[in-house]
Amino acid sequence: MSKAKPPVLLRREEGVAHVVLDRAEARNALNLPMCLALKEMFEALDADADIRAVVLSANGPVFCAGADLKERNGRDEAWVIARRRASFATYDAIARCRKPVVAATQGPVVGSGGEILMSCDFVIASDKTTFRFPEPQWGTVGATQRLQRTIGKMRAKELLFTGRTMPVEEAYQLGLVARIVPAEALAETIAGIAEAIAAAPPLAMALTKQAVDLGSETDLNNGIRVEMAAIERCLADGGWRDGLNRFANSVGGKENPDV
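Small disclaimer: the values here were computed from a predicted structure and weren't measured.

1. Thoughts on the sheet that holds strand β7 (residues 130-132)
- The strand order across the open sheet built from 3 strands is β5-β7-β8, with neighbouring strands paired in mixed fashion. In this open sheet, the two strands that pair with only one neighbour each are β5 (108-110) and β8 (166-167).

Here it is, written out as structure tokens:
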């Protein structure tokens, strides 16, 4: 008996991990094996000192068609609940990864696919991307928490209640997408972003991610305390001096030419 094809692929390139959803024949629908593979992969990448950045993408014309409802046939309620908990654990593993996680989406994003993207640090989308959150139309509940925290409560309700398809331009305006690029430029754009992140001091990058995430959960005064703690940790590490030296050498001691 031939071994089942893995639902998620992983390749490493100079400090960048490329995680690729690989169920194109099923429109990359999220099933239990994909959930477990993603969770295991992101937990391993989080602990991998050689990885500086993670890119999450998908094979085929569809990023993710949502949860694979076919796997629920013949299952009871207990199985469905356990399956949903597995998906929540997967999203959490992506969100908790200390390495910057950049998502690249090339086509339709439905339901659970949106949850995966919202667990990443930011999303670069091709101009062929669309979003849809049809869980209530499927007789279930989903995307009620991350979606409202990303685009606001009323907008999340409108998308969930209607199940309409949202174009990528609207997703950008609502903050669900950080940048829109032509489909043919997506791979090159993502490669440049990942290279820039991987070239930065890893501790400063990890602490920046942590400070933003923790700061978003509190008020400004406590957020400043979070940032000061991160700054002190960077200073204690001593790597900041190397960063200053690289900056001085790169611009010849002049002001930043990009400002």
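Let us keep going from here.
2. Regarding the layout of surface pockets
- Volume-wise, the largest pocket comes out at about 1400 Å³.
- If you trace the largest pocket, you find 41 residues lining it, with Ala95, Arg96, Asp121, Lys209 and Asp213 closest to the centre.
- Here the lining of the largest pocket is built from residues that sort into 22 nonpolar, 6 polar and 13 charged.
- When its volume is computed, the second largest pocket comes out at roughly 380 Å³.
- Around the second largest pocket, the lining comprises 20 residues; the ones closest to its centre are Arg11, His18, Ala187, Ile190 and Ala191.
- Of all the secondary structure elements, the ones that give two or more residues to the lining of the second largest pocket are β1 (8-13), β2 (16-21), β3 (53-58) and α7 (186-199).

3. Here we look at the nonpolar core
- Counting 45 residues, the largest nonpolar core has Val19, Leu21, Leu38, Phe42, Ile116 and Phe131 as its most contacted members.
- Not counting residues within four places of it along the chain, the set of residues in contact with Val19 comprises Val8, Leu9, Leu10, Leu38, Met41, Phe42, Leu45, Val54, Val55, Leu56 and Ser57.
- The next biggest cluster of nonpolar side chains, apart from the first, holds 13 residues, and it includes Val16, Ala53, Val102 and Ile190.

4. Re the packing of helix α8 (residues 202-215) against helix α9 (residues 220-237)
- Interhelical geometry of α8 versus α9 gives an angle of 165° and a closest axis separation of 9 Å. In this view, α8 runs roughly antiparallel relative to α9, as classed from their interaxial angle. Two packed elements cross with a definite hand, and for α8 against α9 that hand is right-handed. Along its contact with α8, which presents Leu203, Ala204, Leu207, Ala211, Leu214 and Gly215, the element α9 presents Gly223, Val226, Ala230, Arg233, Cys234 and Asp237.
- Among the residues forming the contact of α8 with α9, the class breakdown is 8 nonpolar, 2 polar and 2 charged.

5. Structural notes on α8
- Here α8 contains 14 residues, and its C-alpha end-to-end distance of 20 Å stays within 8% of the 20 Å for a straight helix at 1.5 Å per residue.
- Residues of α8 that are buried: Leu207, Lys209 and Ala211.
- Here the buried face of α8 lies against α2 (77-96), β4 (101-105) and α9.

6. A closer look at the pattern of salt bridges
- A complete count under the given rule lists 12 salt bridges for this structure.
- Among the ionic pairs, Lys5 bridges to Glu25, the shortest N-O distance being 4.0 Å. Of this pair, Lys5 sits in the segment before β1 while Glu25 sits in the loop between β2 and α1 (32-46), and the two are 20 residues apart along the sequence.
- Classification of Lys5 as partly exposed rests on a relative accessible area of 47%.
- Look at Glu25 and you get exposed, because its relative accessible area is 61%.
- It is possible to trace a salt-bridge network through shared partners that takes in Lys5, Asp22 and Glu25.

7. A closer look at the state of the cysteines
- Following the criterion strictly, the structure yields 0 disulfides and no others.
- Cysteine Cys35 shares no disulfide, and the gap to the nearest cysteine sulfur, in Cys64, comes to 9.3 Å.
- For the unlinked cysteine Cys97, the closest cysteine sulfur is that of Cys120, found at 9.6 Å.

8. A word on the pairing of β3
- Counted residue by residue, β3 has 6 buried out of 6 residues, so it is predominantly covered.
- Because side chains alternate across β3, one face comprises the buried residues Ala53, Val55 and Ser57, and the other comprises Val54, Leu56 and Ala58, equally buried.
- Bridge count between β2 and β3: 6 bridges; the pairing is parallel. Each bridged residue has a counterpart across the sheet, and for Val19 the counterpart in β3 is Leu56.
- On the question of chirality, the crossover connecting β2 to the parallel β3 by way of α1 is right-handed.

The rules behind these values
- Residues numbered from 1 in each chain as written.
- Predicted model: local features only at pLDDT ≥ 70, side-chain atom pairs only at ≥ 80, totals over all residues.
- Heavy atoms only, no water.
- Pairing = 2+ DSSP bridges.
- Helix = DSSP H or I, 4+ residues; strand = E, 2+ residues; numbered from the N terminus.
- 1 Å grid on protein atoms, 1.4 Å probe; cavity = no way out; pocket = protein on both sides within 12 Å on 5 of 7 lines; lining within 4 Å.
- Points joined across faces, edges and corners; volume = space filled by probe spheres on them.
- Nonpolar A, V, L, I, M, F, W, Y, C, P; charged D, E, K, R; others polar.
- Core = buried A, V, L, I, M, F, W, Y, C linked by side-chain atoms within 4.5 Å.
- Buried < 20%, exposed > 50% of the residue type's maximum accessible area, 1.4 Å probe, protein only.
- Contact = heavy atoms within 4.5 Å.
- Axes fitted to C-alpha atoms, helices over the stretch in contact; angles between N-to-C directions.
- Parallel < 35°, antiparallel > 145°, perpendicular 65-115°, else oblique.
- Left-handed = near helix turned anticlockwise from the far one by under 90°.
- Expected span 1.5 Å × (residues − 1).
- Salt bridge = Lys/Arg side-chain N within 4 Å of Asp/Glu carboxyl O.
- Disulfide = S-S within 2.5 Å.
- Right-handed = clockwise from strand over helix to strand, strands pointing away.

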